[in-house]
Structures are given as structure tokens and as C-alpha cells.
Amino acid sequence: MKHNLILRVIAKFLIPIIVLFALYVQFHGDYSPGGGFQAGVIFSAAFILYAIVFGLDTAERVVPPRVLQILASIGVLIYAGTGFVTLFLGGNFLDYNVLAEQPVAGQHLGILIIELGVGITVSSVMLLIFFTFAGRNRP
Amino acid sequence: MIDILIDIILLSFLAIIAIAIIRTRSLLAVIMLFSIFSLLSAGLFMVLDASDVAFTEAAVGAGISTVLMLATLALTKSYEEKPSSHRPWIPLLVVSVTAAFLVYGTIDMPPFGDPNAPAHQHVAPRYIEQGAKETGVPNLVTAVLASYRGFDTLGEVTVVFTAGIGVLLLLGGRQRRKKKKEKR
């Protein structure tokens, strides 16, 4: 699709908006519908659109699959790590109350951190699966 | 009143699309119909005020899974072969009896949205009454998913991660072998 001008222009215009919307869904999930899972999927949708319009090789130069593999594990590590941090601070596993002075502030912080972990893992795994499937078709 | 009208329209469209999916032989058209099916269910969830679920259905069902199925379709044939002809009576009987039992099962269920239903009497009242106070998060769905049910969500993320590893192990090996050959 390298010669399709309209698609290229519209995609260039849309991708930043999609990424921005994903970040909004990610960090505003406490107040409005959404959260890490939805944000991760929307985030990966932006890069999938990029890969469809500009070609798989270009997209893999922007986000190398090797980096995605590491990011996918880092997300799970952030989530589970938060659980162990609360353990060491004297609480139960994933009991965010001990993360800050005030229990409510701790809850807020904990939810923000684990949602970030969810978002990172989901977006990188979705992209990895897409790259792997689409990469099979390469000559 | 308008809710019922929207429900009827959405549900009848779902039924029409389901029949179209069964009848269509072109797999590309089937994938597009699946996508429309997901989008309509997202609308149905929205009518039920489940905005988080609608969001997920629209993003995952109508978006990502359509793209993944298209990517898979590029690797296989794009037409479904005609099934071998057989008599439909026994499958039809089994399906009808199962449907009759399912409908019979719903007669005993509490009415839709009944606050006294057993499902709403266990932990839900505590989440609704104490959730905003205990977690400071106005969106109750996020509070339940991330805080009260944090361990469940950790499991879900691990499932997504495992799925990624599985796909990489099954399909991702070819590229590496190619690179090794290039080095030689």
C-alpha cells in the first residue's frame, strides 16, 4: 500500500490521535470507563494501522519484536512486583494500603501502577502476535 | 420504551448476522460479519450501561481480533468448502431440545436487574457502599478489577502473556532459522 496517498496521509493524521486516546484511557481509567487492558489494545491498534499502511518491515524498525518481548515481560513483572513490594512493606499480596501514608492514596498509587503493567503487557503482546502472524506471509 | 426498541433492533440484527455468517462461504466476508457482530454486541452492552465491557468488546472483538483473523486468512484459503450433504434432522432435534431446556432454565432465574438476586447479595453491596471510600476511585469497575480482584487480574495478564509466548513458540521460529542461514 506504499502508493496509496490518501491512506498514508489519513493514517499519519490518525495515529497520534489514537495513541493520545490510548494514553487517556490508560491514565483516566480511574474516573471514566477504561483501564490498562483497553488502553493496551488501542495503543497496539495504532501501530497495527502503521504496519498495514507503511509495511511490516518499517513497523518492525519502529518497534523491534525483540523490544516487545522484553516489554511484555516487564509489564507482568511490574504487576507482580507491586504485589511483592506490598508484601515487604508489611501488607498482604497486592494490598495497596501500605504503599503510601494514607490508605486511600496507597490504593490510588497501586491501581495506577498495576494498570500501567497491564497496559504495557497487553499492548506489546497484541503487537507481537500481529507481527508474528503477518510475518509468516513474508516471501 | 426507546431502550426496548433499541434492544429489539440490535438483537434482531445479531440474529440476522449470525445466520449470514453460517450461510456465507467467503471467509473474508465472514470475518467482516464477525466484526459487525462484535460492534453490535458492544452497542448492546452500552444499552445495559456496561460501558467498560462495551469498550473492551469494541476494541478487542471488532478491532484487534478482526485484524488477527485477516492476518490468518492471508495464510490460508479464503473460501470455505461446501459441507458434505447429510440429513439435518438429528442435529436439529438436539439443538431444539437443548434450547428448550435452556429456556426452561431461565424461568427460575430472578427477574433482570433484581437487586435481591443472589448474585447481587454476596460481595456486591460492600463494593458499592465502601468501594469509593476505601479505594478513592470513582469508577467502580476499575476499583473491583484492580484492587478487590487484583489477584484475578494478575492471572488475566499472565494469561495474555502466556498467549503471546505460545504464539511466538509456535509461529515465531522460522525467522530465526532464516537469520542463522544468512550468517552462514
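Draft legend 1. Spotlight on the overall build of chain A. If you tally the helices and strands in chain A, you get 5 helices and 0 strands. Along its sequence from the N terminus, chain A presents helices and strands in the succession α-α-α-α-α. Its C-alpha atoms give chain A principal-axis dimensions of about 60 × 30 × 15 Å. Every one of the 139 residues in chain A was classed for burial, and the buried ones make up 45%. Long-range contacts, defined here as pairs at least 24 residues apart, represent 60% of the contacts in chain A between residues at least 6 apart. Carbon and sulfur atoms form 72% of the exposed surface of chain A, whose accessible area is close to 6,900 Å². Where the 7 positive side-chain charges of chain A centre and where its 6 negative ones centre are 26 Å apart.

Draft legend 2. Seen up close, the packing of aromatic side chains. In this structure the tally under the stated criterion is 8 aromatic pairs over all chains. Ring pairing ties together the aromatic residues Phe21 and Tyr24 of chain A together with Phe55 of chain B, which thus form one cluster.

Draft legend 3. Representation of the domain arrangement of chain B. Here chain B is partitioned into domain 1 (1-79) and domain 2 (123-184). Of note, the centres of domain 1 of chain B and domain 2 of chain B, computed from C-alpha atoms alone, are 23 Å apart.

Quick notes on the rules
- Residues numbered from 1 in each chain as written.
- Chains lettered and ligands numbered in written order.
- Predicted model: local features only at pLDDT ≥ 70, side-chain atom pairs only at ≥ 80, totals over all residues.
- Heavy atoms only, no water.
- Helix = DSSP H or I, 4+ residues; strand = E, 2+ residues; numbered from the N terminus.
- Buried < 20%, exposed > 50% of the residue type's maximum accessible area, 1.4 Å probe, protein only.
- Contact = heavy atoms within 4.5 Å.
- Areas by Shrake-Rupley, 256 points an atom, 1.4 Å probe, with all protein chains shown as cover.
- Lys, Arg positive; Asp, Glu negative; His and termini not counted.
- Charge placed at Lys NZ, Arg CZ, Asp CG, Glu CD.
- Phe/Tyr/Trp six-rings, centres within 6.5 Å; stacked < 30°, edge-to-face > 60°.
- Domains from an automatic or database assignment.

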